[in-house]
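Structural features, examined
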Amino acid sequence: MNKSIHPLISSTSVRLVMESALTARDRVGVQDFVLLENYNSEAAFIENLRRRFRENLIYTYIGSVLVSVNPYKELEIYSKPQMERYRGVSFYEISPHIYAVSDNTYRAMRTERKDQCILISGESGAGKTEASKKILLYYAVTCPTNDHMAALGDRLLQSNPVLEAFGNAKTLRNDNSSRFGKYMDVQFDFRGAPVGGHILNYLLEKSRVVHQNHGERNFHIFYQLLDGGEDDLLITLDLERNPQKYQYLVKGNCPRLSSVSDKNNWKVVMKALPVIGFTEEEVQKLLNIIASVLHLGNTQFGEGEEGETYITTETQIHHLSKLMGVDGSALGEALTHKKLTAKGEEVTVVLSSLLMLCLPDELYHSSKGSSVIGLLDIYGFEVLQHNSFEQFCINYCNEKLQQLFIELTLRSEQEEYETEGIAWETVQYFDNKIICDLIEEKHKGIISILDEECLRPGETCDVSFLEKLEDALGGHPHFVTHKLANGKTRRVMSREEFRLLHYAGEVNYNVNGFLDKNNDSLNRNLKEVMCQSDNQILQHCFRREEVIDQKRPEMAATQFKNSLMKLMEILMSKEPSYVRCIKPNDAKQPGRFDEVLVRHQVKYLGLMENLRVRRAGFAYRRRFEAFLQRYKPLCPETWPNWHGRLSDGVSTLVSHLGYKPEEYKLGRSKIFIRFPKTLFTTEDALEAKKPEIGCLGVLYMHVCVCVVIVIQSGWRGMKARRRAKRRRQAAELIRRFIKGFIYRHEEYCPENEYFLDHVRYSFLKNLRQNLPKSVLDKNWPTPPPLVASEHLRRMHMRNMTLKYCRRVQPEWKKQMMQKVEASKIFKDQKDSYPQSVGRLFLDSRLEREQINLKVVQTLGNDKVQYGVSVIKYDRRGFKPRPRQLLLTNTFAVLVDRTKIKQRMDYSAMRGISVSSLSDGVFVVHMPSEDNKQKGDVVLHCSHVIELVTKLAMMANKVSYVNISPGSIRFAVARGKEGIIDFVRGSELKVAKGKRGHLLVVSQRLY
Ligand SMILES: Nc1ncnc2c1ncn2[C@@H]1O[C@H](COP(=O)(O)OP(=O)(O)OP(=O)(O)O)[C@@H](O)[C@H]1O
Ligand SMILES: [Mg+2]
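Bear in mind the structure is a predicted one, so any value in this text is a computation, not a measurement. Residue positions are counted from 1 within each chain, in the order its sequence is given. Naming scheme: in the order in which they are written, chains are lettered from A and ligands are numbered from 1. Given that the model is predicted, a residue must reach a pLDDT of at least 70 before its local features are reported, and side-chain atom pairs must reach 80 or more before they are shown or counted; all residues, however, enter totals for whole chains, interfaces and linings. Only hydrogens and water are removed before side-chain values are computed, so all heavy atoms of the structure are retained for them.

**Some remarks on a positive patch on the surface**
Where like charges cluster on the molecular surface, the positive patch consists of Arg716, Lys719, Arg722, Arg723, Arg726 and Arg727. The helix count covers DSSP runs of H or I at least four residues long, the strand count covers runs of E at least two residues long, and both are numbered beginning at the N terminus. Its location among the elements puts arginine 726 in helix H31 (residues 676-742). Residues with no salt bridge and a relative accessible area higher than 30% make up the patches, which join like charges within 9 Å and nonpolar side chains (Val, Leu, Ile, Met, Phe, Trp, Tyr) within 5 Å. For the area figures, the Shrake-Rupley method with a 1.4 Å probe applies, and any residue is considered shielded solely by the protein chains shown. Every case where a carboxyl oxygen of Asp or Glu lies within 4 Å of a side-chain nitrogen of Lys or Arg is listed as a salt bridge. Positive: Lys, Arg. Negative: Asp, Glu. His and the chain ends are not part of the count. Working definition for charges: the position is that of NZ of Lys, CZ of Arg, CG of Asp or CD of Glu.

**Concerning the packing of aromatic side chains**
A pair of Phe, Tyr and Trp rings is counted when the ring centres sit within 6.5 Å of each other, with Trp represented by its six-membered ring. The angle between the planes then sorts it: under 30 degrees is stacked, over 60 is edge-to-face, the rest tilted. Applying the stated criterion to the full structure yields 24 aromatic pairs. In textbook terms, an aromatic cluster arises when at least three aromatic residues are bridged by ring pairs, as seen for Tyr78, Tyr86, Tyr99, Tyr106, Tyr138, Tyr139 and Phe188. Two thresholds decide whether a charge sits over a ring: the Lys NZ or Arg CZ must be within 6 Å of the ring centre and within 35 degrees of the ring normal. Sitting over the face of the ring of tyrosine 78, lysine 134 holds its NZ or CZ atom 4.2 Å from the ring centroid. The ring of tyrosine 960 has lysine 957 sitting right over it, with the charged end atom 5.1 Å from the ring centre.

**Some points on the nonpolar core**
If you look at the biggest cluster of nonpolar residues, it comprises 166 residues, and the most contacted ones within it are Phe45, Leu49, Phe392, Ile446 and Phe498. In terms of residues, this core owes the most to one element, helix H17 (residues 389-420), which gives 11 residues. Setting aside residues up to four positions removed in sequence, isoleucine 446 forms contacts with Phe392, Leu438, Ile439, Phe465, Leu469, Leu473, Phe498 and Leu500. For the purposes of this section, nonpolar cores are sets of buried Ala, Val, Leu, Ile, Met, Phe, Trp, Tyr and Cys residues that join through side-chain atoms within 4.5 Å. Any residue under 20% of the maximum accessible area for its type is buried, any over 50% is exposed, and the rest in between are partly exposed; the area is computed with a 1.4 Å probe on protein chains only. When checking whether two residues touch, look at their non-hydrogen atoms; a contact exists if any pair is within 4.5 Å.

**Observations regarding the side chain of glutamine 116**
Mapped onto the elements of the fold, glutamine 116 is located in strand S4 (residues 116-122). Non-local contacts of glutamine 116, meaning those with residues more than four positions away in its chain, are made with Thr105, Ala108, Met109, Val372, Ile373, Gly374, Lys574 and Glu575.

**Examining the site of ligand 1**
If you check the shell around ligand 1, you find 18 residues, and the closest are Ser124, Lys128, Thr129, Ser177 and Ser178. Pairs of N or O atoms within 3.5 Å make up the polar contacts considered here, provided that, within protein, one atom can donate a hydrogen while the other can accept it, and that residues adjacent in sequence are counted only when both atoms are side-chain atoms. One of the side-chain N or O atoms of lysine 128 is found 2.6 Å from an oxygen atom in ligand 1. Interatomic distance of 2.8 Å between a backbone N/O atom of glutamate 130 and an oxygen atom of ligand 1. Within the complex, the protein chains bury 87% of what would otherwise be the 630 Å² of accessible surface of ligand 1. Where the shell around ligand 1 is concerned, the elements lending two or more residues are helix H6 (128-142) and strand S6 (177-178). Ranked by residues supplied to the shell around ligand 1, first place goes to H6 with 4 residues. Only heavy atoms are used to decide nearness, and a residue is near a molecule or strand if one of them lies within 4 Å of it.

**As for the coordination of the magnesium ion (ligand 2)**
By definition of the ideal shapes, four donors in a tetrahedron about a metal sit 109.5 degrees apart, and six donors in an octahedron sit 90 or 180 degrees apart. Only N, O and S atoms count as donors, using a 2.8 Å cut-off from the metal and 3.2 Å for Na, K and Ca, and because water is excluded some sites may appear unfinished. Those protein atoms acting as donors to the magnesium ion (ligand 2) are Thr129 (OG1) and Ser178 (OG), and they sit at 1.9 to 2.0 Å. You can see threonine 129 sitting in helix H6 and its partner serine 178 sitting in strand S6, a full 49 residues away along the chain. Overall, threonine 129 belongs to the buried group, its relative accessible area being 9%.

**Describing the sheet that holds strand S20 (residues 670-673)**
On the basis of which strands lie adjacent, the open sheet formed by 3 strands has the order S18-S20-S19 and antiparallel pairing. Strand pairing shows two members of the sheet lacking a second neighbour, strand S18 (620-623) and strand S19 (664-666), which therefore form its edges. The sheet shows a mean angle of 15° between the axes of neighbouring strands, direction not considered. Helix-sheet contacts for helix H29 (residues 624-631) involve S18, S19 and S20, and the interaxial angle to S18 is about 95°. Across the sheet, helix H30 (residues 646-657) lies against S19 and S20, angled at about 160° from S19, the strand it touches most. By this definition, two strands are paired if DSSP reports at least two bridges between them. Convention adopted: a line fitted to C-alpha atoms gives each axis, helices being fitted over their contacting stretch, and angles between N-to-C directions are expressed from 0 to 180 degrees.

**Focus: the sheet that holds strand S16 (residues 506-510)**
Remark on secondary structure: sheet strands pair via backbone hydrogen bonds, oriented parallel or antiparallel. Here 3 strands make up an open sheet; going across it, the order is S14-S15-S16 and the pairing antiparallel. Of all the strands in the sheet, the pair left with one neighbour each is strand S14 (479-481) and S16. The average undirected angle you get between the axes of adjacent strands in this sheet is 25°. When strand S15 (residues 497-501) meets S16, the two strands line up antiparallel, connected through 5 bridges. In the sheet register, leucine 501 faces S16, and the bridge partner there is glutamate 506. Strands S14 and S15 of the sheet are contacted by helix H20 (residues 462-473), whose axis makes an angle of about 135° with S14.

**Things to note about the pattern of salt bridges**
This model, assessed by the stated rule, comprises 46 salt bridges. The partner of glutamate 240 in a salt bridge is lysine 245, and the shortest N-O contact between them spans 3.9 Å. Assessed through its relative accessible area of 44%, lysine 245 is described here as partly exposed. Linking arginine 883 and aspartate 896 is a salt bridge whose minimum nitrogen-to-oxygen distance equals 3.6 Å. A residue pair is termed long-range when its members are at least 10 positions apart, and arginine 883 in strand S22 (residues 880-887) and aspartate 896 in strand S23 (residues 891-896) qualify at 13 residues. By relative accessible area, which is 11% here, arginine 883 ends up buried. Beyond isolated ion pairs, a larger network of salt bridges with shared partners links Glu130, Lys133, Lys134 and Glu164.

**Description of the confidence of the model for the protein**
Taken residue by residue, the protein gives an average pLDDT of 85. The fraction at 70 or more is 90%. Note on residues 1-26: pLDDT under 50 across the span, and 114 contacts to partners over four residues away in sequence or across chains. Per-residue confidence from the prediction method is given by pLDDT, with values spanning 0 to 100. Per-residue pLDDT stays below 50 along residues 338-367; that stretch engages in 81 contacts with residues further than four places along the chain or on separate chains.

**What about the packing of helix H19 (residues 446-455) against H20?**
For the pair H19 and H20, the least separation of the axes is 10 Å and the interaxial angle reads 135°. Here H20 runs oblique to H19, going by the angle between their axes. Crossing geometry of H19 relative to H20 is assigned as right-handed. Contact residues: H19 offers Ile446, Ile449, Leu450 and Glu453, while H20 offers Ser464, Phe465, Lys468, Leu469, Ala472 and Leu473. Here the term charged refers only to Asp, Glu, Lys and Arg, the term nonpolar to Ala, Val, Leu, Ile, Met, Phe, Trp, Tyr, Cys and Pro, and the term polar to all other amino acids, Gly among them. Broken down by class, the residue content of the contact of H19 with H20 amounts to 7 nonpolar, 1 polar and 2 charged. Here roughly perpendicular refers to angles of 65 to 115 degrees, roughly parallel to angles under 35, roughly antiparallel to angles over 145, and oblique to all remaining angles. Left-handed describes a crossing whose near helix is turned anticlockwise from the far helix through less than a right angle; right-handed describes the clockwise counterpart.

**Section: unusual backbone geometry**
Here the residue pair tryptophan 639 and proline 640 is connected by a cis peptide bond, since its omega of -5° sits within 30 degrees of zero. The topology assignment puts proline 640 in the loop between H29 and H30. Phi at arginine 995 takes a positive value of approximately 50°, unusual for a residue other than glycine. Relative to the elements of secondary structure, arginine 995 occurs in the loop between strand S31 (989-992) and strand S32 (998-1003).

Listed below in structure tokens is the structure:
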């Protein structure tokens, strides 16, 4: 199925490898297949692999995918110095290597804080496990550690021999073939040190325990135990050293391996078990189980006359009951249970899974908040002569991994295009969802149909399963059977086969054994016996709850499907890198490159599809600065340095190089180049330029280095001299200070001058920050000797006063002046004065409209400056009459409503008398001989202080104000005098008193 999506190319970091590929391409092919001009040609692909393989260059990239060809010999490329070479180095700077992938993944995890995973796949013997071990070793050697971490790193490495002993076996294809898929994740703390991890196993080939093909072996652990175990141990386990004595070890007729020493490996495993967390007792229990499996293999069954089954080898049962810690008769009964006898071997099939269950999932503690690198060592697509249930599961697993690859690549590609602002271009790619659905879809998929057939009552067999498939899936574009196929296909298919059109190619599966293998269940009686065992490992494997639970356990294929789903979830949350392993020949020989075999793997690993996906769109992309840095010698404007914006620099460079618009695009921070050809031409130009820039460059570099050295040494010298000078000065200063402190109480002298000056200076500095903020604040710090502190204080006060005065508004100034005059006149003279201080003097006590218009007109140009209501007392008889007293600039008038009763010119005014008490009575003394002025006037006003102050000021006769303590005399007509007596009383009263005096009683204020 073809779909339109956006262009896909390799992920950022890996793409960077192109430049190293550029330099090396003429030497040995291309280091990145993305640079293959003819990227659609399988022949060109294989030729590139072959050329490099011949030169022992076993690694080549397809963007982020590392293709690794098994060299079948030790290469000098895995040493510690090699690890150092790849550590922290950009991907593109160095030739392809498994360490580059490891390092790149590790750095991406640290810098992007995103979990990573490395997916390793390939045929059996292609080098997956070796690759995963190399990655682990790289992390163990290069990651930061302390003693504790080193122990964890050790666990990480030590888990491998144990896993291999229990899960690896010699096969025809590989002397150390992993018979299970393995996902291992390594956790790193915030410093990048390994702190924990997990291991998950998939699809252990259990059947190997009971059956091995000719030339193959059982799992290594059996041979290791027999070969390496001490005599005492074998006696306790009731075992003999000769493997030929055991049914389960003789079937392949291959007890020993030339390439592997079981004895040595036994030692390694025994050393590793405690490291990964097994106690001594647990190791013993584990060995008991391994021995039990061998004894079970030697258990013989016989058939009685009535068809009942019995065990012919009693000693075996005895050994088994002892080793497994179960009741012998119960075990015998369970083993001879009717249903089991037909397939006696089933028992051990299940027991074999114990071997894997014995391995702890959690090899070292896990910590929250850590980042993870996952390693998946899993079988690649398998296409054998006869493909059975196992190949079906394996290939299904690879379909899922391909789906993940497409999804994750798309996602990262899409993100990069978006961030770079590059327009989308659609490309075709093969979406394998249709095949995944065909296999896994609920109710309709092959796995569901298989489960149904296993559970269906009545006669079921593999062929009936095939028929069911034909009924349900006939017509599906990726499913064919002999019956459904056309003539041509039919010829290459048997009647018991169905064909799936996988993304990598077509595979025929033989249905024989599908139902049995899917059923894979263990008899209940046997489970019950097992869960009563006193061996805690067996107890762990056969849980009582599970035995009691009536529910049928899930079928093998469904279990595998579910565990795959979980694995996909784990991988989806991570940034993937891929290692695709290829086996160059079947003979495990170094230097042999079997083209047919390699082509087969290239096809089934989907490498051409990988390349196509990665080459779609743009073949190459690089950050502006890196591109400019590399190619700047090719353009006079960018050489030797470009000082403008990077994008402009790249633009200038490519237009100088004559790139056509369709050949490249500029993103926000990267240049995208569509064809490798464009880049090769640029690279060739750079090569041609190298001698020139080489000489220039060397000269330039030489000059630069010299200049730099001169500047550096000059600058360093100056800095050192400055530093020394500062130190000298500081020491001198400290010395003077201490001396000054000692002489501080002496007269000012050279010994203490610095200290005393400093103290004074500090005082002044401190004073500056703590000066009083208002005139009312009387605080002042205590001065040291010889500081004119009092003088400073006065100056500061004066300054504050001045500042205050400057801020005063004219209105307020007038008020203040009047208040000052009032103070001069009345302060300490009149009882009512203190009360008046806080009250403001008003401009007038009469509103404009309160003054009669006629009066205003009569006054003409003499404007009323102040008006107030008063009471006038007749000089004779003292009759009170309400009047208004209006002050102009030159005279005052007494007004009776509309009439001006008396005019008092200031110039003629002789004085103003007030009492010293709190009353408001006052007398304005005017000449009586002048008819116009009409003589003295006795008045009373509630605002006497204000009125008298204003009147005195206007008349400019402040000194004429007379304050009399007891009485005031005033002139009455024709030389006669009147007297006003002032006394204190309970309340204010103005009345005629004795002897014709006016008596004024004032309230006592205090
Ligand atoms: N990089 C390598 N350098 C040298 N020898 C290697 C390398 N990779 C693999 N080999 C050789 O190939 C053998 C098979 O490799 P390995 O066990 O890793 O294969 P595999 O892909 O894991 O196979 P299986 O699927 O059977 O487990 C190794 O035992 C080793 O001898
Ligand atoms: Mg392996």
